[in-house]
Amino acid sequence: MQDSVEAFLTTIEEQEIVAAIREAEQQTSGEIRVHIENTSKADIETRALEVFSILKMQNTELHNAVLIYIAVKDKAFAIYGDRGINAVVPDSFWDDTKNIIQNHLKNGNNKQALVDGILLAGQQLKEYFPISKNDRNELSNTISKG
């Protein structure tokens, strides 16, 4: 991991991640966002929840939004799923996604960590939150930065 938000991804890599979010959300009514900042300044899980709230991700109709949060300088990340997801999935639900992201980040493959993590999250959410014909994109697909 490079040690700043600016160096973490190139503009082209960011576009590929946004495309992966769009692709994942074509399979599920779930909403996926990515937030990158330099440091969490707190417990990573606590900060992920704060960012989730700041981004108003709890406002989805089915409470099925997911935040992939990365603190670049801390070399840490968290996946936070809203209560609608946590109510129906097993405790180990995010383990595979976390492992894929972690393995790519360890090898310096920042973009691939996010692309593969997002696509797997979309596949996994599809089982519990399939896409409906009147589905609408409730949250921005852009990467937010802190």
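Residues numbered from 1 in each chain as written. Predicted model: local features only at pLDDT ≥ 70, side-chain atom pairs only at ≥ 80, totals over all residues. Heavy atoms only, no water.

### A look at the overall build of the protein chain
1) Next: When you go through the protein chain residue by residue, the secondary structure sums to six helices and four strands.
2) Next: Walking the protein chain from its N terminus toward its C terminus, one meets helices and strands in the order α-α-β-α-β-β-α-α-α-β.
3) Next: Taken over C-alpha atoms, the radius of gyration comes to 14 Å for the protein chain, in line with the 15 Å a tight globule of 146 residues would show.
4) Next: With the principal axes as the frame, the protein chain shows a C-alpha extent of 40 × 30 × 25 Å.
5) Next: Intrachain contacts of the protein chain at a sequence separation of at least 6 include 71% that bridge at least 24 residues.
6) Next: Here the protein chain has roughly 7400 Å² of accessible surface; of this, 47% comes from carbon and sulfur atoms.
7) Next: The centroid of the 15 positive side-chain charges in the protein chain is displaced by 4 Å from the centroid of its 22 negative side-chain charges. (Helix = DSSP H or I, 4+ residues; strand = E, 2+ residues; numbered from the N terminus. Rg over C-alpha atoms; globule rule 2.2 N^0.38 Å. Contact = heavy atoms within 4.5 Å. Areas by Shrake-Rupley, 256 points an atom, 1.4 Å probe, with all protein chains shown as cover. Lys, Arg positive; Asp, Glu negative; His and termini not counted. Charge placed at Lys NZ, Arg CZ, Asp CG, Glu CD.)

### Some points on helix H3 (residues 44-54)
1) Next: Turning to H3, its buried residues number three or more, namely Ile44, Arg47, Ala48, Val51 and Phe52. Angularly, the buried residues of H3 cover 145° about the axis, an arc narrow enough to put them on a single face.
2) Next: Tucked into the core, H3 has its buried residues touching strand S1 (31-37), strand S2 (65-71) and strand S3 (76-81).
3) Next: Phi turns positive, to about 55°, at Lys56, one or two residues after H3. (Buried < 20%, exposed > 50% of the residue type's maximum accessible area, 1.4 Å probe, protein only. Arc of directions from axis to C-beta.)

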